[in-house]
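This is what each chain is made of:
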Amino acid sequence: MRKDYLPMALGFWGIALPLAVFGLVFCRTAAERLTAFLAAAVFALVGVLISRAKR
Amino acid sequence: MRLAPADWLFIVWYFLLSIGLGLYYSKKAGRSTSEYFLGGRSLPWWLLGTSMVATSFSSDTPLAVTGIVIKDGVSGNWLWWNFMLGGTLTVLFFAHLWRRAGVMTEVEFIDLRYSGRPARFLRCFKALYLGLPISCITFGWVTLAMVRIIQAIFDTNGVTAMAVCLGLTIFYTTLSGLWGVVATDMLLFGVAMAGSVILSVVSVEKAGGIGGIVAAMRGLSAQAGKDYLSVFPSLGRALPLAFVVALFVQWWAVYYPGAEPGGGGWSAQRMLAARDPRHAVLGTLWFNIAHYVVRPWPWILTALAALVLAPGLVHAPPGAMEAAYPKMIAHLPRGIAGIVVASLFAAFMSTIESIVNLSGSFLLNDFYKPFIRKGASEKHYVAVSRVVVLVVSILGAGFSYLLGSVRMGWQLVMELSAGIGLVLLLRWYWWRVSAWSEIAALSASAGCAVYLHEFPNSPLVGALSSALARAGLGVDAWGVKILLIVAVTTVAWLAVTFLTPPDDRDKLLAFYQKIRPGGFWGPVARRNGRSYGLQAYPFLGWGLALVTILSLLLGAGKLIFMDWAGAAACLAAGTAAAFLLWKTIAKIDWEGQ
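Keep in mind it's a predicted model, so treat the numbers as computed, not measured.

A.B. asks: Quick one: what's the story with the environment of valine 524 of chain B, residue by residue and with numbers?
C.D. replies: Residue and element names in this part refer to chain B. Checked against the element boundaries, valine 524 lands in helix α26 (residues 522-528). Residue class for valine 524 comes out buried when judged on the 21 C-beta atoms lying within 10 Å of it. Considered as a pair, valine 524 and leucine 508 are 16 residues apart in the sequence and their alpha carbons are 6.8 Å apart. Ignoring any residue separated from it by four or fewer positions in sequence, one finds valine 524 in contact with Trp431, Leu508, Leu509 and Tyr512.

Here is the structure:
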């Protein structure tokens, strides 16, 4: 993993995790839950892309 | 509204992440001013483009869009969508030139392009003008918008919450430099977008789904006599002058933060920080796509949902229309509300950190370094940069108390700079533009704005208003004012250009050889022995970029409102244009050899 980008990737994963957990615990409707999970998935994916970006 | 402990937990966690990320880069930033203000010129396109869009996504932006949609419907957004014309022009014709210029700031460009005492005066003046009053006004209106948000959400005066947020942002920005700013921007843009998407989904659900919104808007449109859902204004009625000015004048004439003609401010700072000219071009293209295609629909949906839930908003004062956005947070479940509140803080922080870093770069690189203390060590300049950034932050925070409203702030900046855009575009492509041209444009624009502020009913305003009304336009004072300032400024700087001598021949030749622009460089090109003509592909690319952005913007809207055939057509057109644009960009010689 590139040193310059590592903190950014960690930041994205650090947001993805609570988004997924909060979506599971607090969302009441299917639409809310789906949105929270999709947002968490996007954050996780962007984190992966950043971690693999070329320096 | 009261936030639950889970909301506060997320907000605290979000602040810790942002500050940690910013502080990580502080060691890197301390090496030199080039590292501090330009990240060592090593930024890849995706990072600099996202940083640009994060900066332009401020806390006041979703509120302003909500106000526009409630007042004028979706088509009201052309007040800012018009800037896509100038934004895409910058992508194809200016981004690579900025990177090739290799200067530290937009203001240092003056030293590269012009010579003599007028150039020295212009550099000093612009460093102070952009670094202090303009930065403070921008800082002020962004801060004021955040105060209003906090007031709307928490029912308090918001001073403590603002002080904490501002203090933390300034703390890590002062230490981390541009690398810290762009890295946190990346995260902040993600959080800001996630918050606006979540808020729009919950708001739409509360308003009865997309079907409920469409039905309610049809009823409202019939009552009000205008189509709230149409992306374009109705051609059957007198077109509002503000719309005509926005579409035909504003994007090339007005120097607005984030949408400067030919690039400037924080967008030029990111282009200058790019790895190479191609990365500058791709980053600016990504900024324009994210700015016009990715951002707007969640805000528009939230505004429409607010209108369904409170139809009385159409008759509310502008402040109440804008406050409808943060008030929708009350509909969110606990835990999720914290994410949306954090997203508004994210929008605020990403803009503030860029403003202070940019104004610090002007004051240090273009005022302190050349005029106060030349030849000091890099360590000294970095230390002064940090102090300057801190001072600008304190001044900006103070200025937010002087501004009456958010609108007052951006109107002031637009009026003061209306008309200077053309000279900023042509200075790259026309050898005859000199430092005097820019001085004349700046003076005429500011002078005319002050005159019209003091004498709003002058005979000139009356005559122009009558002429425009006779031409069938729905005249408004704002549109008339901008048209007048642009006209006076353009005549003034063109006259001064021809009445003053051209710039020094050697300076022009050095600029021409370094930048290698096309355009109107006749005598300089002859002296150079080689002419760099304008390529045809950037013109094609400009058209394709506009088709791409417009088609994807419309396609996303049609998809949301379940117009499947329209969405398929628009998205297919947008994808085809994007493919052709990619091929076109690949054919352009960005190094200009």
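A.B. asks: An account of the interface of chain A and chain B is needed here, citing residue identities and associated values.
C.D. replies: Each side of the interface is counted separately: chain A has 22 residues, and chain B has 23 residues. When contributions to the side of chain A that touches chain B are tallied by element, the ones reaching two or more residues are α1 (6-26) and α2 (30-51) of chain A. A total of eleven residues in the side of chain A that touches chain B trace back to one element, the largest contributor, which is α1 of chain A. When the residues that make up the side of chain A that touches chain B are grouped by side-chain class, the tally is 16 nonpolar, four polar and two charged.

A.B. asks: An account of the domain arrangement of chain B is requested, with residue identities and associated values reported.
C.D. replies: All names here are of chain B. Along its sequence, chain B is carved into domain 1 (5-74 + 85-237 + 253-404) and domain 2 (540-593). The C-alpha-based centres of domain 1 and domain 2 are spaced at 25 Å. Tallying the contact residues gives 21 residues for domain 1 and 17 residues for domain 2. Among the elements that take part in the side of domain 1 that touches domain 2, helix α15 (residues 277-294) stands out by supplying eight residues, more than any other. When the residues that make up the side of domain 1 that touches domain 2 are grouped by side-chain class, the tally is 16 nonpolar, three polar and two charged.

A.B. asks: Quick one: what's the story with the nonpolar core, residue by residue and with numbers?
C.D. replies: In terms of nonpolar packing, the biggest core is built from 224 residues, with Leu19 of chain A together with Ile198, Ala303, Leu304 and Ile336 of chain B touching the most fellow members. In terms of residues, this core owes the most to one element, helix α11 (residues 159-206) of chain B, which gives 23 residues. A domain split of this core shows at least three residues from each of domain 1 (5-74 + 85-237 + 253-404) and domain 2 (540-593) of chain B. When sequence neighbours within four positions are dropped, the list of residues in contact with alanine 303 of chain B reads Val65, Thr66, Val69, Ile70, Ala324 and Tyr325 of chain B.

A.B. asks: Describe unusual backbone geometry, naming the residues involved and giving the relevant values.
C.D. replies: Residues and elements named next belong to chain B. The residue arginine 41 is not glycine, and still its phi comes out positive at about 50°. Looking at the secondary structure, you find arginine 41 in the loop between α3 (33-38) and α4 (45-56). With 17 C-beta atoms counted inside 10 Å, the residue arginine 41 sits in the partly exposed group. Unlike most non-glycine residues, methionine 562 shows phi in positive territory, near 60°. With respect to the helices, strands and loops of the structure, methionine 562 is situated in the loop between α27 (537-560) and α28 (564-587). C-beta crowding within 10 Å serves as the criterion here: with 11 such atoms nearby, methionine 562 is assigned to the exposed category.

What counts, and at which threshold
- Residues numbered from 1 in each chain as written.
- Chains lettered and ligands numbered in written order.
- Predicted model: local features only at pLDDT ≥ 70, side-chain atom pairs only at ≥ 80, totals over all residues.
- Helix = DSSP H or I, 4+ residues; strand = E, 2+ residues; numbered from the N terminus.
- Buried ≥ 20, exposed ≤ 12 C-beta atoms within 10 Å, placed from the backbone.
- Contact = placed C-beta atoms within 7 Å.
- Nonpolar A, V, L, I, M, F, W, Y, C, P; charged D, E, K, R; others polar.
- Domains from an automatic or database assignment.
- Core = buried A, V, L, I, M, F, W, Y, C linked by C-beta atoms within 7 Å.

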